[in-house]
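Fold and geometry: a report
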Amino acid sequence: MIDQALTVVSVADVVVPLFVEFPFERNYVTSIIYVSLYVSLTAVLLSTLVSLPIAMLVGFSTFPGKGLLVALINTGMGFPSVVVGLVVLFAVSSQGPLGTFDLVFTREAMILSQFVLATPVITGVSLAAVSSVEDGVRDAAYAMGGTRLDVALVTIKESRYGILTAVLAGLGRAISEVGSVLIVGGNVAGADGTSITRTLTTAIQLEARQGRFELAMILGAILVTLVFLINGLVLRLGGSRV
């Protein structure tokens, strides 16, 4: 998925100079797009690797407190992003458990923040997709001598559209995020205009505050286009059936 960031950046190289007339506009805007996609896609990829096994485990198992765990997952889907950013900032600060890694105002801290935000979304939607698979499908897999791994793979295949919808929903949550990445990333750009931790959302806020509304509107249009494409895929896949 990270390769998609390079594709969007190459398109921006052609389009952005036609509309923006600010110092460093080409390097500035393309680097912002790259950082936004790099952070969000990496966070969603890591979140998917964690969320899918959790969804499978919860969906297949019956244990005390399962209802409470599902409720916590669903609650996490709407958790305030600024609170997540504050918790992550403390974790990576010199007083936090990750202080030795010096992650304050880095892309890694932003990835961690977006990972925390996207994981409940991907887990919750994936769990709903897995739970919607009929018991007869699993029973048939067991009857044919399948192991738990075989049954899990069959279930993933049957619920693949719902799982993909979960991933896209998590990406939409991550890429449109502003509060937590502003707190943990610091909205930093180099002297040459290259974004270090500045994303589309934080750049829009900064440019609007400084009165450069043309650039803010262009960045906003890019962000809206990305979110529109993601949500369009979610709606399309949400209405699909295996």
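Calculation criteria
- Residues numbered from 1 in each chain as written.
- Predicted model: local features only at pLDDT ≥ 70, side-chain atom pairs only at ≥ 80, totals over all residues.
- Heavy atoms only, no water.
- Helix = DSSP H or I, 4+ residues; strand = E, 2+ residues; numbered from the N terminus.
- Buried < 20%, exposed > 50% of the residue type's maximum accessible area, 1.4 Å probe, protein only.
- Areas by Shrake-Rupley, 256 points an atom, 1.4 Å probe, with all protein chains shown as cover.
- Phe/Tyr/Trp six-rings, centres within 6.5 Å; stacked < 30°, edge-to-face > 60°.
- Axes fitted to C-alpha atoms, helices over the stretch in contact; angles between N-to-C directions.
- Parallel < 35°, antiparallel > 145°, perpendicular 65-115°, else oblique.
- Left-handed = near helix turned anticlockwise from the far one by under 90°.
- Nonpolar A, V, L, I, M, F, W, Y, C, P; charged D, E, K, R; others polar.
- Core = buried A, V, L, I, M, F, W, Y, C linked by side-chain atoms within 4.5 Å.
- pLDDT = per-residue confidence, 0-100.
- Contact = heavy atoms within 4.5 Å.
- Patch = residues over 30% accessible without salt bridge, like charges linked within 9 Å, V, L, I, M, F, W, Y side chains within 5 Å.
- Salt bridge = Lys/Arg side-chain N within 4 Å of Asp/Glu carboxyl O.
- Polar contact = N/O pair within 3.5 Å; in protein donor to acceptor, adjacent residues only side chain to side chain.

1. So, the overall build of the chain
Of the regular secondary structure elements, the chain holds 11 helices and 0 strands. For the chain, the succession of helices and strands along the chain, N to C, is α-α-α-α-α-α-α-α-α-α-α. Burial status across the chain gives 44% buried among its 242 residues. Surface summary for the chain: the accessible area is close to 12,500 Å², and the carbon and sulfur share equals 68%.

2. Quick notes on the packing of aromatic side chains
As enumerated under the stated definition, the model contains 1 aromatic pair in all. Where Y34 meets Y38, the ring centres are 5.9 Å apart and the plane angle is 15 degrees; that geometry is what we call stacked. Of this pair, Y34 and Y38 are both found in helix 2 (residues 25-60), 4 residues apart, which corresponds to roughly one turn of the helix. A relative accessible area of 23% places Y38 in the partly exposed class.

3. Here's the deal with the packing of helix 2 against helix 5 (residues 107-131)
As a packed pair, helix 2 and helix 5 sit with axes 6 Å apart at the nearest point and diverge in direction by 40 degrees. If you check the angle between helix 2 and helix 5, you find them oblique. Both helix 2 and helix 5 take part in a crossing whose hand is right-handed. Of the residues that constitute the contact of helix 2 with helix 5, the class distribution is 20 nonpolar, 11 polar and 1 charged.

4. What about the nonpolar core?
Within the largest apolar cluster, 27 residues are counted, with the highest numbers of intra-cluster contacts made by Y28, V29, L200 and I222. Considering each element in turn, this core owes the most residues, 9 residues, to helix 11 (residues 213-238). By size, the runner-up hydrophobic cluster in this structure holds 13 residues, among which are V88, L103, V181 and V184.

5. A closer look at the confidence of the model for the chain
In this model, the chain carries a mean pLDDT of 85, and residues with pLDDT of at least 70 account for 88%. The low-confidence segment residues 14-20 (pLDDT under 50) makes 8 contacts with residues lying over four places distant or belonging to another chain.

6. Quick notes on a nonpolar patch on the surface
Judged by side-chain polarity, L45, L46, L49, V50 and I54 come together as a nonpolar surface patch covering roughly 400 Å² of accessible area. Position of L46 among the secondary structure elements: in helix 2.

7. Looking at the pattern of salt bridges
Taken as a whole and judged by the stated rule, the model has 1 salt bridge. Note that E207 is salt-bridged to R212, the shortest N-O span being 2.6 Å. A residue is classified by how much of its surface remains accessible, and E207, at 0% relative accessible area, is buried. Overall, the relative accessible area of 26% leaves R212 in the partly exposed class.

8. Topic: the side chain of S113
One can find S113 in helix 5. Polar side-chain contacts of S113 include one of 2.8 Å to the side chain of S180. Ignoring anything within four residues of it in the chain, the contact list for S113 reads V84, G85, V88, S180, V181 and V184.

9. Concerning the side chain of S93
Tracing the chain through its elements places S93 in the loop between helix 4 (81-92) and helix 5. For S93, a relative accessible area of 13% gives the class buried. Within the local environment of S93, its side chain forms a polar contact with the backbone oxygen of F90, the two atoms lying 2.7 Å apart. Ignoring any residue separated from it by four or fewer positions in sequence, one finds S93 in contact with L98, G99 and V104.

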